[in-house]
Each structure stands twice: as C-alpha cells, then as structure tokens.
Amino acid sequence: MTKEGFKSGFVAIIGRPNVGKSTLLNRIVGEKIAIMSNKAQTTRNKIQGIYTTDDAQVVFIDTPGVHKPQNSLGDYMVKSAFSALHEADAIWFVIDADKKRGAGDNYIIDRLKEVKNTPIYLLINKVDLLKKEDLFEVINTYQEDAPEWNEIFPISAREGDNVPELLDTVVESLDEGPQYFDADQLTDHPERFVIAELIREKVLQLTQQEVPHSVAVVIDKIETGDDDIVHIQASIVVERPTQKNIVIGRQGKMIKQIGTRARKDIERLLGSRVFLETWVKVEERWRDRPQALQSLGYRKDDF
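Everything numeric in this text was worked out from a predicted model, so none of it was measured. (Residues numbered from 1 in each chain as written. Predicted model: local features only at pLDDT ≥ 70, side-chain atom pairs only at ≥ 80, totals over all residues. Heavy atoms only, no water.)

Undergrad: How do you make sense of a negative patch on the surface when you look at a structure like this?
TA: Together, E4, D89, D175 and E176 make up a region of like negative charge exposed at the surface. Position of E4 relative to the elements: it lies in the segment before β1 (7–15). (Patch = residues over 30% accessible without salt bridge, like charges linked within 9 Å, V, L, I, M, F, W, Y side chains within 5 Å. Areas by Shrake-Rupley, 256 points an atom, 1.4 Å probe, with all protein chains shown as cover. Salt bridge = Lys/Arg side-chain N within 4 Å of Asp/Glu carboxyl O. Lys, Arg positive; Asp, Glu negative; His and termini not counted. Charge placed at Lys NZ, Arg CZ, Asp CG, Glu CD. Helix = DSSP H or I, 4+ residues; strand = E, 2+ residues; numbered from the N terminus.)

Undergrad: Teacher, can you tell me more about the nonpolar core here?
TA: The nonpolar side chains of a soluble globular protein tend to be buried with one another. Within the largest apolar cluster, 25 residues are counted, with the highest numbers of intra-cluster contacts made by I199, I236 and I266. Elements with a minimum of two residues in this core: α6 (191–206), β7 (216–224), β8 (230–238), α8 (253–270) and β9 (274–282). Looking at this core element by element, the count peaks at 8 residues for α6. Discounting residues that sit within four places of it in the chain, I266 has contacts with I195, L198, I199, I232, V274 and L276. Core analysis: the second largest hydrophobic core is formed by 24 residues, L24, I28, V58 and I155 among them. (Core = buried A, V, L, I, M, F, W, Y, C linked by side-chain atoms within 4.5 Å. Buried < 20%, exposed > 50% of the residue type's maximum accessible area, 1.4 Å probe, protein only. Contact = heavy atoms within 4.5 Å.)

Undergrad: I tried to follow the pattern of salt bridges on my own but got confused; where do I start?
TA: It is possible for side chains bearing opposite charge to pair when their charged atoms get close. This structure, assessed with the given rule, holds 14 salt bridges. Note that K113 and D110 form a salt bridge whose closest N and O atoms lie 3.6 Å from each other. Taken as a pair, K113 and D110 lie in helix α3 (residues 103–113) at a separation of 3 residues, close to a single helical turn. On the accessibility criterion, K113 (31% relative accessible area) is partly exposed. Residue class for D110 comes out partly exposed when judged on its relative accessible area of 40%.

See below:
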C-alpha cells in the first residue's frame with residue numbers, strides 16, 4: 001500500500017537533439033539508463049527513468065530529440081517524442097543555453113502551445129558554458145511567442161547545478177498518487193534494452209560520422225554460466241558493407257574496443273562479470289523498412 005500523502009506522476013523531457021536530455025535523466029536517477037554521445041539523435045525510444053523518495057515517485061520520459069525526419073526511423077522518433085506530451089503530468093522543455101533559438105525550437109514551442117492543463121517548465125541547460133550576463137538574453141528570447149512557462153530553470157545537467165531545486169519543484173506540483181514501481185527500480189525497460197543501448201552508445205562514440213544513425217543493436221542471447229559470468233551475444237546491425245568494415249576496424253580493433261568499453265558499463269549495470277560477444281550484420285536500408293524496424297524493437301503502431 002502507498003502511504004498517505006505520497007505523490008507520483010509522469011514528466012516528459014522534450015527538446016532538440018543533443019541538448020542534454022539524457023544527461024539530465026541519468027543525473028536524476030543516478031545511473032546510466034539513457035545513452036549519451038556528441039552525435040545528434042542519440043535517443044530513439046522513450047526511455048523511462050524512475051526517481052523515488054520516501055514521499056514521492058516521479059517517472060521521467062526521456063524522448064528522442066525532435067528533428068526533421070529523413071526516413072521511417074526518423075518519423076518514428078518524432079512521433080514517439082510528441083506522444084509523450086499526452087502521457088505527462090508535467091513537461092520539461094530543455095534548450096541548450098549555448099545555442100541560439102532556431103526553427104527546431106520554434107517547431108516544438110508551437111506544439112507545446114497546443115498542450116492544455118499541463119504545467120510546462122523551460123530548462124535552460126549547459127549554463128556552465130554561459131556567461132551570467134548572457135543568461136537574461138536567453139530567457140528573454142524564449143519568452144517571446146512562447147507558452148506561459150510555469151517555471152524557468154537555468155541548470156547544468158552535467159554538473160548538477162540547480163537540479164535538486166528543479167526536482168523539489170516538480171515533486172511539489174504533483175498530486176497524491178500510487179507508487180507505480182519498486183523503490184529500487186530505475187527504469188521500466190528490460191535489461192536487454194539497456195544493454196543494447198550501452199553497446200550502441202560505444203558505436204556512436206567511436207565510429208565515423210557516416211555510421212551512427214545506421215546502427216541498431218540486437219541482443220541475441222543472455223545467460224549466466226556455472227561460473228556466475230553473464231554471457232551475452234549481440235548483433236550490431238548496419239546498412240552497408242562499408243559501414244560493417246568501419247565497425248569491425250582494421251584487424252578487428254574497432255569491434256574489440258567497442259566490446260571492451262561496453263562490457264565495463266554492462267558489468268556496472270548488472271553487478272556481475274560479463275563475457276560479451278558481438279557480431280556485425282548488414283541489413284540494407286533497415287531504417288526505411290517497417291518490417292525491419294519492427295524486428296529491431298520499434299513498435300509497429302509508431303511508424
């Protein structure tokens with residue numbers, strides 16, 4: 001039973017690609033459940049992070065960065081992002097303090113204007129990169145032709161500046177409700193999903209620009225051996241043979257480096273030793289084929 005006075009609710013985190021949404025989510029839950037890289041459009045699915053205290057539980061929905069779709073996968077990502085607005089008790093619109101307001105921001109703002117009876121917070125992220133005297137200019141820019149923000153929070157997701165105060169404010173705004181998840185649960189996604197994302201993160205971080213958006217990761221097998229070592233087999237899916245060559249690297253050096261880095265994060269996630277095997281497969285134009293998208297874990301109804 002949930003104790004009297006317990007508060008709960010859902011908060012959608014939305015914004016353009018690479019503004020720091022996943023960094024903020026990981027900061028809040030205290031673990032890496034959303035992958036990070038300097039490549040845009042890193043997040044592809046709505047990733048729910050769970051923040052629980054003795055008095056409240058907040059379920060955060062980290063959405064894919066909103067961008068102009070170039071294929072079926074892009075359509076899926078944008079639909080996924082905006083669908084979260086209708087599931088939330090509050091919305092955090094995250095912007096990059098170091099970037100000027102652009103067409104992508106205006107597109108999101110226009111959609112936010114359509115939202116009724118849901119508090120919307122403007123989060124100005126990466127203020128650690130901004131001169132204090134420039135902050136007021138950023139705030140003024142985002143008050144013109146915009147929704148009436150319930151609160152404006154300058155934050156640094158990377159450094160944690162003002163994040164505790166932001167959390168306190170959103171918890172205070174929530175109504176009383178049930179505890180949806182166990183207190184020690186950090187995400188609603190199964191381990192397979194998070195493991196696949198950790199592997200994909202390493203591909204994003206290590207490969208050249210032509211590869212990242214063509215990569216998906218499928219976990220083929222997870223089992224714990226008699227030695228208590230978790231054995232994982234994973235397939236890295238790309239669209240062209242040239243991309244396969246890049247991911248494998250000369251004499252297999254790249255795929256080995258991807259595996260080594262991913263294994264360390266997976267061991268931290270599982271709290272166990274891990275033996276990770278990875279293969280690279282070519283699925284031509286998988287991002288444009290609904291059947292391929294579905295087989296790689298994207299919901300049929302969303303594309």
